[in-house]
Structures are given as structure tokens and as C-alpha cells.
Amino acid sequence: MQGMKEASLEEKLVEKFGKDKVEKFKKSIEDYREIPGSLIAVMNDAQEIFGYLPIEVQLFISQEMKVPLTEIFGISTFYSRFTLKPSGKYKINLCMGTACYVRGAAMLLEKIKEKLGIEVGETTEDGKFSLEPTRCLGACALAPVMMINGEVFGRLTPNDVDEILKKFE
Amino acid sequence: MLYRSHVMVCGGTGCTSSGSDEVAERFIEEIKKAGLDKEILVVRTGCFGLCELGPVVVVYPEGVFYSRVKPEYVPEIVEEHLLKGRPVRKYIYGESLEEKAIKPLEETPFFRKQRRIALRNCGVINPEDIREAIAFDGYKALAKVLTEMTPEQVIEEVKKSGLRGRGGGGFPTGVKWEFAYKQKETPKYVVCNADEGDPGAFMDRSILEGDPHSVLEAMAIAGYAIGANHGYIYVRAEYPLAVKRLKIAIQQAREYGLLGKDIFGTGFDFDIEIRLGAGAFVCGEETALLNSIMGKRGEPRPRPPFPAVKGVWGKPTIINNVETFANIPPIILNGGEWFASIGTEKSKGTKVFALTGKVNNTGLIEVPMGTTLREIIYEIGGGIPGGKKFKAVQIGGPSGGCIPAELLDTPIDYDSLTSAGAMMGSGGLVVMDEDTCMVNVAKFFLEFTVDESCGKCAPCRIGTKRMLELLDKITSGKGEEGDIEKLEELAKTIKATALCGLGQTAPNPVLSTLRYFRHEYEAHIKEKRCPAGVCTALLSFVIDPEKCKACGICAKNCPVGAIFGKPKTPYVIDQEKCIKCGTCIDKCPFGAIYKK
Ligand SMILES: Cc1cc2nc3c(=O)[nH]c(=O)nc-3n(C[C@H](O)[C@H](O)[C@H](O)COP(=O)(O)O)c2cc1C
Ligand code: FES
């Protein structure tokens, strides 16, 4: 009985995310299974591999790591790195740390919101951009800073926004 | 192999973000082309400190410092400097240029007053090669401890040094170790706090990226001192480069037998595991961090029991900050007395700061305790850009406070900062000029705490929210008589009743701005005016029709298309659309636009 249920959940994941991603994640679970307290590490990997933590992924982790779903849900909502909804193809992480704030990050935020027509935490309708402010990317000396899919842009003014976003269109 | 020259290209996060990877590749390519690859070595180092001027390249043995290097400059530098021995003056950092000579880096104003102990190897070695760390005395202190000292002697030496925790609290490190040493229960654990939650701070990150081995070595020393064989480093997942270098460093240390079983054949075992945080500020607080290491929600718990008694897995544990650890090897090698001879009476040694905000030389600095804020901001930092007036420096992050111009001669040490209403915190120094509104700053920090409050205790969860609502009200022009008093009342209650350090210190930014900039609060409330011209609800941008020459530059530069006009008639700003970014003011050649 148990075996059948497992298979079907895994199948659902494969259908949703493809075999490669699921295999990769299963390997990560194997790496961590024996290490006490590694639940967050597993969830970090899931976030990285799948891009977000939908309920199927949480169920799968719960099953594999033998942790109640409520606990997993509690952790996914506690830490800001975990998201329950998928983000856009390009993730804009605008820094809202102190150094960037003092050098005008709020203006950049306004400009990006107006340009994309979305609010903080939202994704554009075409699924291209999502806007997720972060607290300090550690490049404070280049403030204000934003990062798009890992690429960092520094010393920005609102006028740079158009050109940068164009690169990703 | 011996090289005649080393080209050090900064590989810290700041310089990498401004493109140092391409610069390094270009150097390798051009040096090879010139046939110099047997004589000259390109090294990717950790942070040099002058992030503002990145990408940074230093050529040794001369110590010539090139700043803001672009890949296009590289062929000329290789041809002229490396091949013909003529440094290319036009790309050299201006401060080090003298008429007939070039000053070595150490003598420029940015470096002159610094003293690098925790950062001793940052910018000096390739952090991904353990042999370089070893060549610069890496693991020598561990060898000394394991072969020549008893745990008691190690603790005694750390106590003698007067080293206090660099993570914020300032608790004497030796005392903490002794406490854990005396616990009978086993196993014990060593934890390194590399969560660095203060937004605007990157000291710990730079140490991990520039010299990870110093932290690993110190953790092993701590393990020997308290009787632990296992360590955890808790790092933010937002620091991918630091995590990568730590992983490499741990791997290499294991290969060299400097971590693992029977280190130096002394029978002492010690190994280290990395634990990733997942974006929660409160996890920097030690009891919350313990929960997070054990894979739970990072909620704090009341102390006592202290982690030294009940820590990871309920066992005796010491938790120290990255920078605290980085100071340990030099203390062991040079002696506690040497360290205690630096700094002030109650604050020994040096402190690393991330100098950011409205200051010319933003970057990473390390100065002896007791250095004044004026020296840091005006000498090392090179003053305020654009001829603006200094207003305040924020120190200690969301738990800290602001220090105004009158107190610029305050020496940096734990106690003077606390009595000025700020705190050392982890070492973020954010400089603010006349264009910063202090009420808005207080609101910024409160937004942060409200966001980050874990919700476990009511004073923090509800109280900070009430404070934020009041600040919102004041900055949007709806402030009333009595609001300031309400803020003060709330602040006092939260400070006294919150469960953990996050809540207890959350009111500090409000209290300190009220202490020094009360008049700004009053201007917002009584006159409905934001003196710095920041709070958008209280101001608008207008074009003076007398001065406007209808050139259209403002309209062309407006990022949101809020300015309209025709040739020959004065332009106007659509107040609905205007986001008050100030670009038009900066661009107008006739000074016709102003805030009111
Ligand atoms: C809300 C809060 C956040 C904290 N964040 C950090 C942090 O990011 N890094 C850190 O080293 N210490 C942080 N601390 C301090 C730790 O609780 C602890 O005192 C410190 O890690 C002990 O190491 P030390 O004695 O070497 O400073 C924080 C404390 C509080 C209350
Ligand atoms: S505050 Fe923005 S990068 Fe640090």
C-alpha cells in the first residue's frame, strides 16, 4: 500500500517538473537523509531545483524525511527564501538593505513597479518577470544594487532600469 | 615555482559584481600572449576593502593599485607595466599618485589608519588554495595549541587578550569558552555564526570569501579548548560565493589532515559541517540559530539556559561570530598581551566595519578600537560626496542607532557607542547626509523589524507594528500632537518585555533619532514639512516658469514620463505621475526645478 502511494506522488512530480529535476532532488535527499537536522538543507535544495515549494513537493519531503507535513509547512512559511508560488522566468531581486536604501533604492522600486505594472511579490502576466526585494546582497559598496537571475547590477539610477530590463526581453 | 610578479585581482563579491571575472581572464590571456606566464602569476584574492573602486587590481612586488579596471585596459597594463616596467599612471588609484612616484597601497589615506588583524589575509591570498593560507601562517596556531598548550592555557590566553564577541553583544570570548569547558556533559559543539543579518553589512561575508581557513582553524582551536569534536558553520544561503569557498576550504583542510581524525597526530579529532540559513533575520540570534541548525523554525527561546549549557541537540555549545573567530589565530601566535595592547581600556583589538552610504570610499575597513568616527568617515572614507553636509552615521543596524555630527569625535568602542544610544552591533556603518530624513530612516528600520519579527512574543509582534503605524502616519503628513510621546511609551514597553534581542533592541533606531533629531519629527507633525525633502507625501516638485527655458532635458530624463511641455513654453510636472526621484533637478541646466 505504502509503496503504491509513494510511486504515485513521485509520478505527479515527474509529470510536473520532468524526470531530471526529480532525480536530482531524490539524490539530494539521499545525501541528507542520515544527517540529523538537515530538513532545511533539503528544502533549500528543493527550492533551488523546482523554483518553489508546491504542496506536492512538501508532501514528498514529508514522506521521504519522515517529518509531519505541518512541520514542513511551518518551516516553508517561516523562512523568506522558501516560496509557495512559482516566480517569473527572470527574478528581479532589488536590494532593500540599509546602504541601498540610503542611496535611493526606493526610487528604483517605484520605477520598476511602474515599468512592469506589478507590485512587490508579484509576477508579470506573461510570466516573465517577478519582483522580489531582498535585504542586502552584500554588494553595499555598489549601492543601490539589484540582481536579475544571479547577475548583479550596481550604482543604479532609475534611468538605468529600462536598458537593463531590455536585456532580458 | 617562483614568480617575479603577482597580479592580484579582487574576487570578493563587490568586485565580482563590477566585473572582475572578465578582468582576471583577460590578464591571464594577455600574460600568456606576452609569454610571461612562467614569470607572472594572476591570483584571485578576497576583498581588498576599496569596493567603491572595483574591480581592483594590485601588482606586487611594487604594490601598485589599479582601480575600476576595465578588460580593455588590460593589454596596455601588461605591455607597459608587466613587460616594460612602467606602471600605467592613468589607470592607477589617484590617491596613490605623487608627482614623480607612486605610493604603495599601505600609505594611501584609505589604508594608513587601518590595522588588519581579522582581515590579515583578505586580498593577500587566493582563498581557494590552502597552500597559500599555510604559507601565511594558516594552521600554525592550531599546531601550537595541539602540541604545546593545554585547553586551560588556550582559554587563559584568549581571556588575557580581552577579545569580546564581534557579533553584537560584546561578551568576553574567553569567559564564554571557560563556561563551556567546565560543563561535564558531552558531546560538545562549536558553532560559527555567519548569518550576518544586518542589511548593509558584509564583514563576515568578506572574511569567509577572502580567508575561510582562518575561521576553520579557529573553530578547531575552540573545539580543543572546550572539548568538542564537531563544529557547525551557519551561513546565509544568500552568500553563494562564501558557501562555495567554505566548502572548498573544508575539503582541502580534510585532505591535508587539518580537519578530521587525529589532527597533527595528536589524537585530537575535529570536523566541521556547513548549515545554510534560509532568510530569517532572527536566526542570527543565538537560540533561534540553534533551532535552525536542528532543522526547525528559527524561533528564539528564553535564556537561561545559555547555549554553553544547553545548545545544539541540548548539549554544551559555544557560538561565536566569524570575525571573533578570525582574531583567534593571531592571538594564539602573538599572545593575548599583544592583542590587549591594541585598542582601548575595555575594548581590545580592532574592529571590521562595512563603510557604506553617502561616503566617498565605501568598502571594508579594519581599525583599532578607539579610532574616532571622524577619522573613519573623513580620513579613511574620504568624506561626503558632492560637497553635501554630513548628518548622521547609523551604526549597529536595526538594533543600533544614529550618531549625529556633534558626536563625531566619539571613539569607537563598545561602551562609548552604547552610551551614545547606538551600539557596536556587527559593524555596519551607514553614512547619511543632509538629504536623508531621519524619521524616514526610523521607519525603514521598523519596517524591517516588523517584517522579521518571528511572531512568538506579543510585544515584538504587535508593539513594533503599532510603532510603524505611528511613523507611517507622521511621514505621510497626518501626525498629531502626542504621537511622539506614544512612540516613546511603546518603545519603553517593548524594550522591557520582548522575549529576545530582536524585540528588545527594535525600538533603538526610533529612540536614537528622537534623541538627536527630535526637531525633524516635530517639523513633520507640526509644520507638515520634511526638512530633508524625502517624505513624498509632504513635498512636490515644481518647475519655476521664470527660469525654465523649455529645453526639454527634464522631460527626456524623467524615468516615468511625468513632465510635459512644448517648445518655447515652460514645462510642467504632472504631480499624479511624478515619483519624486529628483532626476529632473539633477539634469536641469538652469536650476529651474525645485522641491517644495
Ligand atoms: C536579532 C539578533 C540578530 C543577531 N544577528 C547576528 C548575526 O547576524 N551574526 C552574529 O554573529 N551575531 C548575531 N547576533 C548575536 C548572537 O546572538 C550572538 O550573541 C553572537 O553570535 C555571539 O558571538 P560573539 O560572542 O562572537 O559575538 C544577533 C542577535 C540578535 C538579538
Ligand atoms: S544594502 Fe544593498 S547590497 Fe547591501
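Residues numbered from 1 in each chain as written. Chains lettered and ligands numbered in written order. Predicted model: local features only at pLDDT ≥ 70, side-chain atom pairs only at ≥ 80, totals over all residues. Heavy atoms only, no water.

1. Some thoughts on the overall build of chain A
Right, on to step 1. The secondary structure content of chain A amounts to eight helices and four strands.
Right, on to step 2. For the C-alpha atoms alone, the extent of chain A along its principal axes is close to 60 × 35 × 25 Å.
Right, on to step 3. Burial status across chain A gives 51% buried among its 169 residues.
Right, on to step 4. For chain A, the accessible area works out to roughly 8,100 Å², and carbon and sulfur atoms hold 53% of it.
Right, on to step 5. Mean positive and mean negative side-chain charge positions of chain A (23 and 26 charges, respectively) differ by 3 Å. (Helix = DSSP H or I, 4+ residues; strand = E, 2+ residues; numbered from the N terminus. Buried < 20%, exposed > 50% of the residue type's maximum accessible area, 1.4 Å probe, protein only. Areas by Shrake-Rupley, 256 points an atom, 1.4 Å probe, with all protein chains shown as cover. Lys, Arg positive; Asp, Glu negative; His and termini not counted. Charge placed at Lys NZ, Arg CZ, Asp CG, Glu CD.)

2. A word on the site of ligand 1
All names here are of chain B.
Right, on to step 1. If you check the shell around ligand 1, you find 18 residues, and the closest are Gly167, Asn193, Asn320, Asn321 and Thr324.
Right, on to step 2. Between Gly167 and ligand 1, the recorded distance is 2.7 Å, taken from a backbone N or O atom to an oxygen atom.
Right, on to step 3. Here an oxygen atom of ligand 1 and a side-chain polar atom of Thr324 are 2.7 Å apart.
Right, on to step 4. Against a free-state accessible area of 610 Å², the protein chains account for coverage of 88% of ligand 1. (Near = heavy atom within 4 Å. Polar contact = N/O pair within 3.5 Å; in protein donor to acceptor, adjacent residues only side chain to side chain.)

3. Points about the domain arrangement of chain B
Right, on to step 1. Each assigned domain of chain B is listed with its residue range as follows: domain 1 (5-111), domain 2 (130-340), domain 3 (350-433), domain 4 (438-526) and domain 5 (540-595).
Right, on to step 2. Computed over C-alpha atoms only, the centres of domain 3 of chain B and domain 5 of chain B are separated by 36 Å. (Domains from an automatic or database assignment.)

4. Points about the packing of aromatic side chains
Aromatic rings considered in pairs are described by the distance between their centres and by the relative angle of their planes.
Right, on to step 1. Taken as a whole and judged by the stated rule, the model has 20 aromatic pairs over all chains.
Right, on to step 2. Judged by centre distance (6.5 Å) and plane angle (85 degrees), the rings of B:Phe48 and B:Phe65 are edge-to-face. Here B:Phe65 lies in strand E4 (residues 64-66) and B:Phe48 lies in the loop between strand E2 (40-45) and strand E3 (57-60), a separation of 17 residues in the sequence.
Right, on to step 3. In this structure B:Phe48 comes out as buried when scored by relative accessible area, which is 5%.
Right, on to step 4. Taken together, A:Phe17, A:Phe25, A:Phe50, A:Tyr52 and A:Phe60 form an aromatic cluster joined through their ring pairs.
Right, on to step 5. In this arrangement the basic side chain of B:Arg205 is found over the ring face of B:Tyr239, its NZ or CZ atom lying 4.3 Å from the centre. (Phe/Tyr/Trp six-rings, centres within 6.5 Å; stacked < 30°, edge-to-face > 60°. Lys NZ or Arg CZ within 6 Å of the ring centre and 35° of its normal.)

5. Some remarks on helix H13 (residues 322-334) of chain B
All names here are of chain B.
Right, on to step 1. Judged by how many residues are buried, H13 sits mostly within the fold: 11 of 13 residues are covered.
Right, on to step 2. The set of residues buried in H13 consists of Val322, Glu323, Thr324, Phe325, Ala326, Asn327, Ile328, Pro329, Pro330, Ile331 and Ile332.
Right, on to step 3. At the C-terminal side of H13, Gly335 shows a positive phi close to 95 degrees.

6. Regarding the sheet that holds strand E9 (residues 317-321) of chain B
Residues and elements named next belong to chain B.
Right, on to step 1. The five strands lie next to each other as E7-E8-E6-E5-E9, forming an open sheet whose pairing is mixed. Only two strands of the sheet have a single partner each, and these edge strands are strand E7 (260-263) and E9. In this sheet, neighbouring strand axes are inclined to one another by 25 degrees on average, regardless of whether the strands run parallel or antiparallel.
Right, on to step 2. Here six bridges tie strand E6 (residues 230-235) to strand E8 (residues 268-276), and the two strands are oriented parallel to one another. The residue of E8 that forms the bridge with Ile233 is Ile274.
Right, on to step 3. This element, helix H10 (residues 212-226), spans strand E5 (189-194), E6, E8 and E9 of the sheet and lies at about 125 degrees to E8. (Pairing = 2+ DSSP bridges. Axes fitted to C-alpha atoms, helices over the stretch in contact; angles between N-to-C directions. Contact = heavy atoms within 4.5 Å.)

7. Description of the domain arrangement of chain A
Right, on to step 1. Annotation of chain A at the domain level lists domain 1 (6-78) and domain 2 (90-167).
Right, on to step 2. Summarising the inter-unit geometry, the C-alpha centres of domain 1 of chain A and domain 2 of chain A are found 30 Å apart.

8. Side note on the pairing of strand E1 (residues 90-94) of chain A
Residue and element names in this part refer to chain A.
Right, on to step 1. Summarising burial for E1: four of the five residues are buried, a large majority.
Right, on to step 2. Sheet topology places E1 next to strand E2 (residues 129-131); three bridges connect them, and they run parallel. Paired with Lys91 across the strands is Ser130, a residue of E2.
Right, on to step 3. Here three bridges tie E1 to strand E3 (residues 146-148), and the two strands are oriented antiparallel to one another. Paired with Asn93 across the strands is Met147, a residue of E3.

9. Here's the deal with the UniProt feature "binding site: [2Fe-2S] cluster" (unreviewed entry) in chain A
All names here are of chain A.
Right, on to step 1. Look at the UniProt record and you will see "binding site: [2Fe-2S] cluster" (unreviewed entry) annotated at Cys95, Cys100, Cys136 and Cys140. A maximum C-alpha distance of 9.1 Å among these annotated residues, which run over 46 residues, shows that they cluster at one spot.
Right, on to step 2. You can see Cys95 is positioned in the loop between E1 and helix H6 (98-102).
Right, on to step 3. Residue Cys95 is classed as buried on the basis of its relative accessible area, which comes to 2%.
Right, on to step 4. Setting aside residues no more than four positions away along its own chain, Cys95 makes contact with Cys100, Ala105, Thr134, Arg135, Cys136, Leu137, Val145 and Met146.
Right, on to step 5. As for its placement among the helices and strands, Cys100 is situated in helix H6.
Right, on to step 6. Each residue touching Cys100, except ones within four places of it in the same chain, is listed here: Cys95, Ala105, Ala143, Pro144 and Val145. (UniProt positions renumbered as here; feature names shortened; annotations may be inferred.)

10. With respect to the side chain of B:Arg166
Right, on to step 1. On the secondary structure map, B:Arg166 appears in the loop between helix H7 (151-161) and helix H8 (173-181).
Right, on to step 2. Of note is the side chain of B:Arg166, whose polar atom sits 3.0 Å from the backbone oxygen of B:Arg164.

11. Concerning the interface of chain A and chain B
Right, on to step 1. At the interface, 39 residues of chain A touch 62 residues of chain B.
Right, on to step 2. Both faces considered, chain A and chain B share a buried interface measuring about 3,800 Å² in area, 59% of it formed by carbon and sulfur atoms.
Right, on to step 3. Area buried by chain A at its contact with chain B is led by A:Phe78, A:Tyr101 and A:Arg135, which between them contribute 18% of it.
Right, on to step 4. Here chain A is connected to chain B by two salt bridges. (Buried area = accessible area lost by both parts, 1.4 Å probe. Salt bridge = Lys/Arg side-chain N within 4 Å of Asp/Glu carboxyl O.)

12. Notes on the packing of H7(B) against H8(B)
Residue and element names in this part refer to chain B.
Right, on to step 1. Axis separation between H7 and H8 bottoms out at 7 Å; the angle between their running directions is 155 degrees. If you check the angle between H7 and H8, you find them roughly antiparallel. The interaxial crossing formed by H7 with H8 has left-handed handedness. On H8, the residues touching Pro151, Glu152, Val154, Ile155, Val158 and Lys159 of H7 are Thr173, Gly174, Val175, Trp177, Glu178 and Tyr181. (Parallel < 35°, antiparallel > 145°, perpendicular 65-115°, else oblique. Left-handed = near helix turned anticlockwise from the far one by under 90°.)

13. Side note on the environment of B:Tyr414
Residues and elements named next belong to chain B.
Right, on to step 1. If you trace the backbone, Tyr414 turns up in helix H16 (residues 414-419).
Right, on to step 2. Look at Tyr414 and you get buried, because its relative accessible area is 5%.
Right, on to step 3. Along the backbone, Tyr414 and Phe136 are 278 residues apart, and their C-alpha atoms lie at a distance of 31 Å.
Right, on to step 4. Here the side chain of Tyr414 touches Arg164 through a polar contact of 3.4 Å, landing on its backbone oxygen.
Right, on to step 5. In this structure the side chain of Tyr414 is engaged in a polar contact, spanning 2.8 Å, whose partner is the backbone oxygen of Gly165.

14. Observations regarding the side chain of B:Asp413
Residue and element names in this part refer to chain B.
Right, on to step 1. As for its position among the elements, Asp413 is in the loop between strand E13 (401-404) and H16.
Right, on to step 2. Nearest to the buried, unbridged Asp413 among oppositely charged side chains is Arg164, at 7.0 Å.
Right, on to step 3. Separated by 2.8 Å, the side chains of Asp413 and Ser416 make a polar contact.
Right, on to step 4. When neighbours within four sequence positions are excluded, Asp413 is seen to be in contact with Thr344, Ser347, Met369 and Met424.

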